Amino acid sequence: MDIFCIKAVSLGDLEKVLISHDGAGPGSGWFLDKIVIKHKEGEDAQEVVFPCNRWLDEYQDDGKTERELTASKDGSSMKAFLKGKSCFPTIVFYTTVFAV
């Protein structure tokens, strides 16, 4: 699993995200488990989970390298894992990379 923390400005309440890659280079495809976005304003922290569980690879799954993800209704599964992390607001990508 790879975790990427990206500091960003607040975008308000998110319902969908679009993620893609250009497919450049050999072995450029990857498997995306989910995207977790955490945001903290004052003392209130919010977490939104966008499940994917699909390949972004022109040679795997359905061949798409772009996915539009919709927020899940319950992001509580990652709260314990991310508790105490200090990078807010943050976009966190959880990926599992398989060789093709």
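Please refer to the structure higher up on the page.
Calculation criteria
- The written sequence of each chain sets the order in which its residues are numbered from 1.
- Whole-chain, interface and lining totals are the exception, using all residues; otherwise, since this is a predicted model, local features are given only for residues with pLDDT of at least 70 and side-chain atom pairs are given and counted only at 80 or more.
- Calculation of side-chain values draws on the structure's entire complement of heavy atoms; hydrogens and water are dropped beforehand.
- Helix numbering and strand numbering both begin at the N terminus, where a helix is a DSSP run of H or I of at least 4 residues and a strand a DSSP run of E of at least 2.
- Accessible surface area values rest on a Shrake-Rupley calculation with a 1.4 Å probe, where residue burial reflects the displayed protein chains alone.
- Salt bridges, as used here, are contacts in which a Lys or Arg side-chain nitrogen is within 4 Å of a carboxyl oxygen on Asp or Glu.
- Burial classes follow relative accessibility: with a 1.4 Å probe on protein chains only, a residue under 20% of its type's maximum area counts as buried, one over 50% as exposed, and anything between as partly exposed.
- Stacked, tilted and edge-to-face pairs are distinguished by plane angle, under 30 degrees for stacked and over 60 for edge-to-face with tilted covering the rest, among Phe, Tyr and Trp rings (Trp via its six-membered ring) whose centres lie within 6.5 Å.
- Pairing between strands is defined by DSSP: at least two bridges between them are needed.

Enquirer: Kindly report on the overall build of the protein, identifying the contributing residues and their values.
Expert: Helices and strands together make up the secondary structure of the protein, namely one helix and six strands. Within the structure as shown, the protein displays about 6,600 Å² of accessible surface, and the carbon and sulfur contribution to it stands at 50%.

Enquirer: So what's going on with the pattern of salt bridges? Residues and values would help.
Expert: Applying the stated rule across the entire model yields six salt bridges. Note that Arg67 and Asp61 form a salt bridge whose closest N and O atoms lie 3.5 Å from each other. When its relative accessible area of 46% is taken as the criterion, Asp61 is described as partly exposed. Note that Asp62 is salt-bridged to Arg67, the shortest N-O span being 2.8 Å. Judged by relative accessible area, which is 8%, Arg67 ranks as buried. Residues joined in a network through salt bridges with shared partners are Arg54, Asp61, Asp62 and Arg67.

Enquirer: So what about the packing of aromatic side chains? Which residues, and what values?
Expert: Per the counting criterion, the structure on display carries one aromatic pair. Arranged with centres 5.8 Å apart and planes meeting at 70°, the rings of Phe31 and Trp55 form a pair that is edge-to-face. Pair noted here: Phe31 is in strand 3 (residues 30–41) and Trp55 is in strand 4 (residues 44–56), with a separation of 24 residues, a long-range link. A single burial state applies to Phe31 and to Trp55, both of which are buried.

Enquirer: An account of the pairing of strand 5 (residues 66–70) is requested, with residue identities and associated values reported.
Expert: Going residue by residue along strand 5, you find Arg67 and Leu69 tucked away on one face and Glu66, Glu68 and Thr70 left uncovered on the opposite face. Two strands pair when backbone bridges link them, and strand 2 (residues 16–20) and strand 5 are joined in this way by five bridges, in the antiparallel orientation. Its bridge partner being in strand 5, Leu18 is matched across the sheet by Glu68.

Enquirer: Lay out the environment of Ala8 with the relevant residues and their values.
Expert: Mapped onto the fold, Ala8 is located in the loop between strand 1 (2–7) and strand 2. Overall, Ala8 belongs to the partly exposed group, its relative accessible area being 33%. C-alpha of Ala8 to C-alpha of His39: the two residues are 31 residues apart in sequence and 9.4 Å apart in space.

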